[in-house]
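Residue strings, one per chain:
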Amino acid sequence: MPSFYALVIGASSTIAQAAIQQFEADKDCLGVFAISRSLPNSETATKTQWLESDYSEDSIQQICKSLSAYSGKISKVLICNGILHNDSMMPERKLEEIRASQLEAIFHTNTIIPMLWLSQLLPILQGEQATQVALFSARIGSISDNKTGGWYSYRASKAALNMLIQTSSVEYARRAKNVKLIAFHPGTTDTPLSKPFQRSVPKDKLFTADFVATQLLSIMENVTMDNKAAYLDWNNQPIEW
């Protein structure tokens, strides 16, 4: 594998942290740019440079401008931003629970922020080196796979993200032929996002962040570079859009 730089956005998430550790250990990785809302209290990593962002349009534009010196050299990108619940909201189980504020908050984090990154990163990712961009989606975002309903905001935000990835892949295929876009379903991972919902998950289906990061980086390394968006799960199995 040729030497490369990695970019991890939403770097404070559990899976992102595991991926950063694996990039740190990879002899071919020259460096990691880690983007998060706040910087870590202490930095022990030797290859990772942390950059703070509030994920506003201005902030994303400024960071991408600062990364322009590495244009054509960043070939592994993880966009890990996502929210399912917080102290004031949980997934809606019935129509009466729908609130505009929740729809807006979930869509902003799960759909709008990743798309802003995807739009601003285009000139940085153009080049000769095969480049993979994995955006954290979810199987629940599959319209054709929806058999149970519920979880309105989260489900719809991921379906919208999938459409934006598909649409972006058409333009990337014209303007950055070296780039492959991947909508990635990590499965149920032992993270704060899934904590309230783990009780019903079989032990062998609750994954560690380390395992998911390993699976994802392997998928990125071996994926077919065909200028088409892929919708894949943690086991490298395609999901119907």
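Numbering of residues begins from 1 in every chain and follows the order in which that chain's sequence is written. This being a predicted model, a pLDDT of at least 70 is required before a residue's local features are given, and a value of 80 or more before pairs of side-chain atoms are given or counted; all residues contribute to the totals for chains, interfaces and linings. As a convention, hydrogens and water are excluded, and side-chain values are obtained from all of the structure's heavy atoms.

On to helix α5 (residues 209–222), then. Between its first and last C-alpha atoms α5 spans 20 Å; for 14 residues at 1.5 Å apiece the expected length is 20 Å, and the two agree. The complete set of buried residues in α5 reads Ala-209, Val-212, Ala-213, Leu-216, Leu-217, Ile-219 and Met-220. All buried residues of α5 project into a common sector of 155° when viewed along the axis, lining one side. Along its buried surface, α5 packs onto α1 (14–25), β4 (74–79), β5 (131–136), β6 (179–185) and β7 (230–233). Numbering of helices and strands starts at the N terminus; helices are DSSP runs of H or I of at least 4 residues and strands are runs of E of at least 2. Given the number of residues in a helix, its expected span is that number minus one, multiplied by 1.5 Å. Throughout, exposure labels follow a simple rule: accessible area from a 1.4 Å probe, protein chains only, divided by the maximum for the residue type, with under 20% read as buried, over 50% as exposed, and the rest as partly exposed. Arc, as used here, means the arc of the directions from the helix axis to the C-beta atoms. Contact between two residues is taken to exist if any of their heavy atoms lie within 4.5 Å; hydrogens are not considered.

Think of it this way: DSSP has to see at least two bridges between two strands before they count as a pair. Here we have seven strands laid out as an open sheet, ordered β3-β2-β1-β4-β5-β6-β7, and parallel in their pairing. At either end of the open sheet lies a strand with only one pairing partner, and these are β3 (48–52) and β7. For this sheet the average axis-to-axis angle between neighbouring strands, irrespective of direction, equals 20°. Here five bridges tie strand β1 (residues 4–9) to β4, and the two strands are oriented parallel to one another. Within β4, the position partnered with Tyr-5 by the bridge is Ile-74. Running at roughly 150° to β3, helix α2 (residues 57–67) makes contact with β1, β2 (29–36) and β3 of the sheet. Axes here mean lines fitted to C-alpha atoms, for a helix over just the part in contact, with angles spanning 0 to 180 degrees between N-to-C directions.

Looking now at the pattern of salt bridges. Salt bridges are defined as contacts in which a side-chain nitrogen from Lys or Arg sits within 4 Å of a carboxyl oxygen from Asp or Glu. Applying the stated criterion across every chain yields a total of five salt bridges. In this structure, the salt-bridge partner of Glu-221 is Lys-76, at a minimum N-O distance of 3.6 Å. Of the two residues, Glu-221 sits in helix α5 while Lys-76 sits in strand β4, which places them 145 residues apart along the sequence. Relative accessible area serves as the criterion here: at 35%, Glu-221 is assigned to the partly exposed category. Under the relative-accessibility criterion, Lys-76 is labelled buried at 7%. For Glu-171, the salt bridge goes to Arg-175, with nearest N and O atoms at 2.6 Å. Of the two residues, Glu-171 and Arg-175 are both situated in helix α4 (residues 152–175); the distance of four residues between them amounts to about one turn of the helix.

The next subject is the side chain of Ser-53. Following the sequence through the fold, Ser-53 ends up in the loop between β3 and α2. Residues adjacent in sequence count toward polar contacts only when both atoms are side-chain atoms; beyond that, a polar contact is any pair of N or O atoms within 3.5 Å, and within protein one must be able to donate a hydrogen and the other to accept it. Within the local environment of Ser-53, its side chain forms a polar contact with the backbone nitrogen of Tyr-55, the two atoms lying 2.9 Å apart. Polar contacts involving the side chain of Ser-53 include one to the side chain of Ser-59, which spans 2.7 Å. In this structure, Ser-53 is in contact with Ile-35, Ser-36, Arg-37, Ser-59, Ile-63 and Trp-117, ignoring residues within four places of it in sequence.

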